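Tertiary structure, described
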Amino acid sequence: YRSNNPDRDQPTLQVPASPREIHDLGQAFNDLLVTQNQRLQRERQFISDASHELRTPIAAIRGNLSLIRRRGTAHPEVIPESLGFIDEESLRMQHLIENLLHLSRADRAQLQLTDQDLSFIALQLGEHYQPSLTQPLNLDVEPNVHVAGNGEMIQQIIVALLDNAHKYSPADQPITLSVHQTATQVTLAVADCGEGIPADQRQAIFQRFYRVDQSRSQAVEGSGLGLAIVQQLVHLNQAKIMVSANQPQGSRFTVTWQRPATK
Ligand code: ADP
């Protein structure tokens, strides 16, 4: 058999490769395998975490259904409480699934970044959300700060950070939303006066399902997915996010865009 394609019968390696080239090729192949392996492991971990999180509300729902079945006829007074539980837990599952969908969409998203007036977005959202926060909200927003990004995602980032500041800080302590720029970068920050996040857990909170000190977070509704979503959205907007301590107390989440060098 001879192929009609003249290139096909040509030997692909015309020059004998040097030991160095063979070594480099082997190394590149190994690196590829390692990253693919890591990705696979991360995906497996994600599926196992997600299943674990979904199992809890399902168990609660099934437990309460069984209670109604066993005792509902003789003791109808158990029914409203159990139904309330089922309602709550199914809502929790719904939120969880919506968040998981957000994450997988953000994984695949490829987007066009366009000019966004960050000052305008922050001021508008701040004013919009102020009434739903129990804390006073300070807006420290420099006018006319622009970034290349996706407006909807930037809004989602700000809302999620405000929501966390609201959840994890006392009602009478202020939250600050700020937007600033220097010659080289633009920063958007949300700072609160809550308990803060221990330095050794500041990386981990961006992982899916991670919550600081289960017992502390237990009192607050949440699945540990919010910041994982925020991090992906920040990444898609070609920005970076970090968390530091707010002075004298609390957390400060800072999103940073590098400004393109002006010619
Ligand atoms: P969730 O709030 O649903 O638990 P997140 O991914 O938004 O999930 O946050 C992960 C964890 O990080 C929270 O459970 C909480 O322990 C911690 N955290 C997030 N934001 C703050 C904050 N502003 N102050 C203190 N802790 C925070």
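Now for a look at the structure at hand.

Rules used in this analysis
Residues numbered from 1 in each chain as written. Predicted model: local features only at pLDDT ≥ 70, side-chain atom pairs only at ≥ 80, totals over all residues. Heavy atoms only, no water. Near = heavy atom within 4 Å. Polar contact = N/O pair within 3.5 Å; in protein donor to acceptor, adjacent residues only side chain to side chain. Areas by Shrake-Rupley, 256 points an atom, 1.4 Å probe, with all protein chains shown as cover. Helix = DSSP H or I, 4+ residues; strand = E, 2+ residues; numbered from the N terminus. Salt bridge = Lys/Arg side-chain N within 4 Å of Asp/Glu carboxyl O. Buried < 20%, exposed > 50% of the residue type's maximum accessible area, 1.4 Å probe, protein only.

1. Structural notes on the site of the ligand
Around the ligand sit 20 residues, and of these Tyr168, Asp192, Arg211, Ser223 and Leu227 come closest. Within the backbone of Val212, a nitrogen or oxygen atom sits 3.0 Å from an oxygen atom of the ligand. Considering the ligand on its own, with 530 Å² of exposed area, one finds that the protein chains cover 98% of that surface. Counting residues per element, the ones that place at least two in the shell around the ligand are α4 (151–167), α5 (214–218), α6 (226–236) and β7 (251–258).

2. Quick look at the pattern of salt bridges
Evaluation of the coordinates by the stated rule reveals two salt bridges. Note that Arg20 and Asp24 form a salt bridge whose closest N and O atoms lie 3.5 Å from each other. Here the residue Arg20 and the residue Asp24 both occupy positions in helix α1 (residues 19–71), the gap between them amounting to four residues, near one helical turn. Of the residues examined, Arg20 reaches a relative accessible area of 57% and is grouped as exposed. For Arg92, the salt bridge identified is with Glu89, shortest N-O distance 3.3 Å. You can see Arg92 and its partner Glu89 sitting in helix α2 (residues 78–108), three residues apart, about one turn around the helix.

3. A closer look at unusual backbone geometry
A cis amide bond links Gln247 with the next residue in sequence, Pro248, at an omega value of -5 degrees. By the element assignment, Pro248 lies in the loop between β6 (240–245) and β7. Backbone geometry places Gln238, a non-glycine residue, at a positive phi of 50 degrees. Among the structural elements, Gln238 can be located in the loop between α6 and β6.

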